[in-house]
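Notes for the structure review
Chain by chain, the residues run as shown.
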Amino acid sequence: FSPMAGVSDAALRLICKELGAGYVVTEFTNVNAVVARENDIKQFVEFSEKERPLGVQLFGSDLEKLELAVKIVDKHFDVIDYNMGCPSRQITQQMACSALLQEPNLTRKIFRIMVENATKPVTVKIRAGVDKPDKFLEIGEIAEEEGLQMITLHGRTVKQGYSGKSDWGMIKKLKESLSIPVCGNGDIHTPEDAKKMLDDTGCDYVMVGRAAAQNPFLFTQINSYLKTGKYPATSSRAKVKTFLKYLDLAKNYKTITSSNIRFQAMNLAKGCTGSRELRGKLMGLQNIEDIKKVMEKFLASL
């Protein structure tokens with residue numbers, strides 16, 4: 001399950017894990033914040049033991065802080081992932097995430113520091129390039145040379161954001177050029193998409209993000225389709241019940257806000273019978289109990 005800021009919180013990750021996700025990763029976290037919150041890191045980056053194997057995703061290019069942050073999270077997580085994919089200008093202006101695609105020398109230093117200071121596997125998630133798909137092979141080679149254990153490629157450029165189409169041909173090129181595992185990411189909406197990416201690119205794994213946030217049952221469906229060639233449909237009732245379970249789990253985590261909960265309700269409402277009316281009722285709600293009542297009433301109407 002792909003790390004997504006404001007989306008892939010601990011409660012949703014646990015739901016995805018229970019529904020068949022083989023591996024989940026925290027929302028990305030600034031290395032400066034990790035160092036500042038060392039003494040209460042478990043309260044800052046909340047997680048459950050039931051999520052394991054669990055990865056933590058870091059970003060930031062301050063090498064001294066990065067070294068300290070790696071040593072801190074190494075004690076608590078199973079994998080340390082590095083974000084070189086986020087296209088947000090607010091983040092890239094800090095010389096972080098996808099901005100580093102243009103800085104191969106700095107990227108090499110970052111990877112080396114991470115591997116030297118971690119006892120857990122180090123991985124990276126990247127995009128194809130900034131304005132054009134011209135950096136992923138070079139960054140992939142650096143990752144392999146510096147001892148990273150896997151690379152995830154989202155088949156879009158930074159300029160594309162989430163528009164246009166993910167170019168799976170780049171995932172295939174990266175897989176053919178490296179010996180370390182490659183994980184494909186981008187435009188997996190159905191079980192058929194997951195199988196096609198695996199077949200067409202030869203990648204070792206697929207990472208699903210936005211589509212799974214709207215339908216966590218997608219992991220169950222993908223696993224079933226890869227094994228048997230068929231998969232069960234997801235009913236509106238199942239999705240709403242899953243939200244109510246998410247809501248119950250969210251009570252255990254202080255960092256999950258009412259805004260997160262409303263967003264997840266809106267997300268899981270997509271594709272449900274009568275979703276337009278339901279999403280209209282959810283819009284603007286701030287009180288968690290009000291959100292719960294709307295969803296329970298909708299469930300009773302199905």
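The preceding data block contains the structure.
Residues numbered from 1 in each chain as written. Predicted model: local features only at pLDDT ≥ 70, side-chain atom pairs only at ≥ 80, totals over all residues. Heavy atoms only, no water.

**As for the overall build of the protein chain**
Summing up its helical and strand segments, the protein chain has 15 helices and eight strands in all. Relative to a compact globule of 302 residues, whose C-alpha radius of gyration would be 19 Å, the protein chain shows 19 Å and is just as compact. Structurally, the protein chain occupies a C-alpha span of about 60 × 45 × 30 Å along its principal axes. Counting across all 302 residues of the protein chain, residues that qualify as buried make up 54%. The contacts in the protein chain between residues at least 6 apart in sequence include a share of 67% that link residues at least 24 apart. (Helix = DSSP H or I, 4+ residues; strand = E, 2+ residues; numbered from the N terminus. Rg over C-alpha atoms; globule rule 2.2 N^0.38 Å. Buried < 20%, exposed > 50% of the residue type's maximum accessible area, 1.4 Å probe, protein only. Contact = heavy atoms within 4.5 Å.)

**Considerations on the pairing of strand β6 (residues 150-154)**
Counting buried positions along β6 gives five out of five residues, so the element sits mostly inside the fold. Alternating residues of β6 divide into Met150, Thr152 and His154 and Ile151 and Leu153, and every residue in both groups is buried. Bridging between strand β5 (residues 122-127) and β6 involves five bridges; their strand directions are parallel. By the bridge assignment for β6, valine 124 is matched with isoleucine 151. For the segment spanning β5, helix α7 (residues 136-145) and β6, crossover handedness is right-handed. Once you follow β6 into helix α8 (residues 168-177) and on to strand β7 (residues 182-185), the crossover reads as right-handed. (Pairing = 2+ DSSP bridges. Right-handed = clockwise from strand over helix to strand, strands pointing away.)

**Topic: the packing of aromatic side chains**
Applying the stated criterion across every chain, the model contains five aromatic pairs. A centroid spacing of 4.9 Å and a plane angle of 50° characterise the contact between phenylalanine 47 and phenylalanine 77, whose relative ring orientation is tilted. One end of the pair, phenylalanine 47, is in the loop between α3 (41-44) and β3 (54-59); the other, phenylalanine 77, is in the loop between α4 (63-73) and β4 (79-84), with 30 residues separating them in the sequence. Of the two residues examined, phenylalanine 47 and phenylalanine 77, each falls in the buried class. A cation over a ring is seen here: arginine 127 above tyrosine 162, with NZ or CZ 4.9 Å from the ring centre. (Phe/Tyr/Trp six-rings, centres within 6.5 Å; stacked < 30°, edge-to-face > 60°. Lys NZ or Arg CZ within 6 Å of the ring centre and 35° of its normal.)

**A few points about the packing of α4 against helix α6 (residues 104-117)**
Between α4 and α6, whose axes approach to 9 Å, the crossing angle comes to 30°. One element, α4, and the other, α6, form an angle in the roughly parallel class. Judged by the sense of rotation from one axis to the other, the crossing of α4 with α6 is right-handed. In contact with Leu63, Leu66, Glu67, Val70 and Lys71 of α4, α6 contributes Leu106, Lys109, Ile110, Ile113, Met114 and Asn117. Taken together, the residues of the contact of α4 with α6 sort by class into seven nonpolar, one polar and three charged. (Axes fitted to C-alpha atoms, helices over the stretch in contact; angles between N-to-C directions. Parallel < 35°, antiparallel > 145°, perpendicular 65-115°, else oblique. Left-handed = near helix turned anticlockwise from the far one by under 90°. Nonpolar A, V, L, I, M, F, W, Y, C, P; charged D, E, K, R; others polar.)

**Focus on the pattern of salt bridges**
Scanning the entire structure with this criterion turns up 15 salt bridges. Between glutamate 51 and arginine 13 there is a salt bridge, and its shortest N-O distance comes to 2.5 Å. Here glutamate 51, found in the loop between α3 and β3, pairs with arginine 13, found in helix α1 (residues 10-18); they are 38 residues apart in sequence, far enough to count as distant. Pair check on accessibility: glutamate 51 and arginine 13 agree, each one buried. We note a salt bridge from arginine 108 to glutamate 145, for which the minimum N-O separation is 2.8 Å. Highlighted residues: arginine 108 in helix α6 and glutamate 145 in helix α7, separated in sequence by 37 residues. Using a relative accessible area of 27% as the deciding quantity, one classes arginine 108 as partly exposed. (Salt bridge = Lys/Arg side-chain N within 4 Å of Asp/Glu carboxyl O.)

**Quick notes on the packing of α1 against helix α12 (residues 236-250)**
Packing of α1 against α12 brings their axes to within 9 Å, and their N-to-C directions diverge by 130°. With respect to each other, α1 and α12 are oriented oblique. Regarding α1 and α12, the two cross each other, and that crossing is right-handed. When α1 is examined against α12, the residues Ala11, Leu12, Leu14, Ile15 and Glu18 are found in contact with a partner set consisting of Thr242, Lys245, Tyr246, Leu249 and Ala250.

**Let's talk about the environment of serine 258**
Among the secondary structure elements, serine 258 is positioned in helix α13 (residues 258-269). Excluding residues that lie within four positions of it along the chain, serine 258 makes contacts with Gln286, Ile288 and Ile291. One polar contact links the side chain of serine 258 to the main-chain carbonyl oxygen of glutamine 286, over a distance of 3.3 Å. (Polar contact = N/O pair within 3.5 Å; in protein donor to acceptor, adjacent residues only side chain to side chain.)

By themselves, these are just geometric observations and shouldn't be taken as functional.
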